[in-house]
Amino acid sequence: MSFEEAKSFLLKSGPNGESLYDHISDCLLKVLEERPEDPLQVFDDLSKEVKQAKMSETKQPESEEPHLVDHVNAHMSQTTLSFFQKPEAELDEEGYPIEPAEVNDGTMPDLLDQMAHFNQHGEGLPAEETFRLNLALKKLLESNPLQTVRFFGKIYGTQNHYYVAEGEYKDGMGMEDDASEPDETESLPEPSPPRAEEDSDNENEESDDEDNDESPQEAPIPLPRALEGVPGMMDKAEQWAENRRALIMKDAEEAEDPVGKPVPEEIKVPREGRELNSCNQYCYWVCKHLGEAWERLPDVTPEQLQSSKLIKKFLTGDLNAPVSEGCPLFPGKELHYLRCQIARIAHATTIMPQKLATGVEDTETEAGDDEPVGFDLSELRRIGGGGHRRTAIN
């Protein structure tokens, strides 16, 4: 085979319009540009890189409608820019800008450092999402008089997901009444007004019926046919019937009034305040998309907590969605049910070393007045080395 015949064979183009001669030329050019230490060992990798570079250069046919990924990227870009935009300055009556209020001096942990530790074990959020979440938490801290704020977790729903932030207000703040609590009196029907006049005939008929009800005629209890001829059986049957009537009347009276006193109305347990280790010590905010406004969840009530233990339901991502309209009936919407689940998770999963959970008095006697209390990490490995930081919800 001559040189011209061999070259013409290598110049034959394939289905994609590229020939082996051109590909080898590009590979040799890449070897000369990068100059690797062992070109023969990495030649296969260089060939793959040349093929991928040419495939990426080929333009895909543009569709008439924009792709869904473009919408998602555009929305993420707009929400990310909102973190860096400064609010417009307010003007007074004379048109001069009003000095902005002092920035909140609250604290928040380093979320980027925390997620880096979680990512080492295959858990946590991606780096880009963590960065945007950190900016959202800073914005929440600056817009509210919070003492501390931290990322509580991400709760998945069937339609949308919830980013949950946990914060603690400064002293004397954050105790306003929540307008989102369900009002049970709204669904009660209005009582109908009494009738002003009644016919005298109807009154007489009702009085006659009441008189007849006072002395009901009880039918005798028939005996079985097999016992009709037995002597003395009729007397025993009548006595047995009287005892049965007395028991029925006694059961009816106890059902109406078990202890002989009027039945008290149902006592409604008030919700807890901001006490230490209470269910409402911390406040919680949620948002569906990072960059949007945070929405504060209402404080939880004992009635809602008890009902949430009897319900198993997927969250939808809509805070105003109904939870349970059957049995058991949940007094609230999804935002109240979400708040109950957050309280149960927080009190069941927040742990700390048992030495610090026993109390401050024991630790002070061991280490002194001013010296910090330390503990060995090996204590956490043994059974009972850790304990719950918050009290259990009964």
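Right, let's walk through the structure included here. Computed from a predicted model, the values in this text were never measured in an experiment.

Overview of the overall build of the protein chain
No. 1: Scanning the protein chain from N- to C-terminus turns up twelve helices and six strands.
No. 2: Here the protein chain, with 394 residues, has 25% of them falling under the buried criterion.
No. 3: Long-range contacts, defined as pairs at least 24 residues apart, comprise 61% of the intrachain contacts of the protein chain with a sequence gap of at least 6.
No. 4: Total accessible area on the protein chain is roughly 30500 Å²; 53% of this is exposed by carbon and sulfur atoms.

Looking at empty space enclosed by the protein
No. 1: Tallied over the full model, the rule gives two cavities of 30 Å³ or more.
No. 2: Here the residues of the lining of the largest cavity are counted per class, giving five nonpolar, three polar and two charged.

Considerations on the pattern of salt bridges
No. 1: Across all of its chains, the model carries six salt bridges by this definition.
No. 2: Across the pair glutamate 34 and lysine 30 runs a salt bridge, and its minimum N-O distance is 2.9 Å. Here glutamate 34 and its partner lysine 30 are both found in helix H2 (residues 20–34), four residues apart, which amounts to about one turn of the helix.
No. 3: Within the structure, one salt-bridge network assembled from shared partners comprises Lys30, Glu34 and Glu49.

Things to note about unusual backbone geometry
Most of the time, phi is negative for any residue but glycine, and the peptide bond is trans.
No. 1: Of note, the phi angle at arginine 35 is positive, near 50°, even though the residue is not glycine.
No. 2: Relative to the helices and strands, arginine 35 is located in the loop between H2 and helix H3 (43–57).
No. 3: Take arginine 35: its relative accessible area is 67%, and that puts it in the exposed class.

Comments concerning the packing of helix H5 (residues 111–119) against helix H6 (residues 127–143)
No. 1: At a closest axis distance of 9 Å, the pairing of H5 and H6 adopts a crossing angle of 145°. Remark: the crossing between H5 and H6 carries right-handed chirality. Of the residues in H6, those touching H5 at Leu111, Leu112 and Met115 are Thr130, Phe131, Leu133, Asn134 and Leu137.
No. 2: Tallied by class, the residues present in the contact of H5 with H6 amount to six nonpolar, two polar and no charged.

What to know about the layout of surface pockets
No. 1: For the second largest pocket, the calculated volume is near 600 Å³.
No. 2: Forming the boundary of the second largest pocket are 26 residues, of which Phe118, Arg150, Phe151, Phe152 and Gly153 lie nearest the centre.
No. 3: Those elements giving two or more residues to the lining of the second largest pocket turn out to be H5, strand E1 (146–155), strand E2 (162–169) and helix H10 (334–349).
No. 4: Top contributing element to the lining of the second largest pocket by residue count: E1, with seven residues.

A short note on the nonpolar core
When a protein is soluble and globular, its nonpolar side chains tend to lie buried together.
No. 1: Grouped together as the largest cluster of nonpolar side chains are 23 residues, with contacts concentrated most on Tyr162, Val164, Tyr284, Leu297, Leu338 and Ile342.
No. 2: When residues of this core are traced back to their parent elements, those giving at least two are E1, E2, strand E3 (283–287) and H10.
No. 3: Looking at which element gives the most residues to this core, the answer is H10, with seven residues.
No. 4: If near-sequence neighbours (up to four positions away) are discounted, tyrosine 162 is found in contact with Gly153, Lys154, Ile155, Val286, Cys287, Lys288, Leu315, Gly317, Asp318, Leu319, Glu334 and Leu338.
No. 5: In terms of nonpolar packing, the next biggest core, distinct from the first, is built from 21 residues, Leu111, Phe151, Cys283 and Trp285 among them.

Some remarks on the pairing of E2
Regular strands have side chains that alternate between both faces of the sheet.
No. 1: Here E2 lies mainly inside the structure; seven of its eight residues are buried.
No. 2: Bridge count for E1 against E2 is eight bridges, and the pairing is antiparallel. Within E2, the position partnered with lysine 154 by the bridge is tyrosine 163.
No. 3: The hairpin formed by E1 and E2 contains six residues between the paired strands.
No. 4: Two strands pair when backbone bridges link them, and E2 and E3 are joined in this way by five bridges, in the antiparallel orientation. Within E3, the residue paired with glycine 167 across the bridge is cysteine 283.

Comments concerning a nonpolar patch on the surface
No. 1: There is a patch of nonpolar side chains on the surface, built from Leu20, Ile24, Leu28 and Phe43 and spanning about 330 Å² of accessible area.
No. 2: Element by element, the count of residues in the nonpolar patch is highest for H2, at three residues.
No. 3: Within the secondary structure, leucine 20 sits in helix H2.
No. 4: With a relative accessible area of 45%, leucine 20 lands in the partly exposed category.

The rules behind each value
Residues numbered from 1 in each chain as written. Predicted model: local features only at pLDDT ≥ 70, side-chain atom pairs only at ≥ 80, totals over all residues. Heavy atoms only, no water. Helix = DSSP H or I, 4+ residues; strand = E, 2+ residues; numbered from the N terminus. Buried < 20%, exposed > 50% of the residue type's maximum accessible area, 1.4 Å probe, protein only. Contact = heavy atoms within 4.5 Å. Areas by Shrake-Rupley, 256 points an atom, 1.4 Å probe, with all protein chains shown as cover. 1 Å grid on protein atoms, 1.4 Å probe; cavity = no way out; pocket = protein on both sides within 12 Å on 5 of 7 lines; lining within 4 Å. Points joined across faces, edges and corners; volume = space filled by probe spheres on them. Nonpolar A, V, L, I, M, F, W, Y, C, P; charged D, E, K, R; others polar. Salt bridge = Lys/Arg side-chain N within 4 Å of Asp/Glu carboxyl O. Axes fitted to C-alpha atoms, helices over the stretch in contact; angles between N-to-C directions. Left-handed = near helix turned anticlockwise from the far one by under 90°. Core = buried A, V, L, I, M, F, W, Y, C linked by side-chain atoms within 4.5 Å. Pairing = 2+ DSSP bridges. Patch = residues over 30% accessible without salt bridge, like charges linked within 9 Å, V, L, I, M, F, W, Y side chains within 5 Å.

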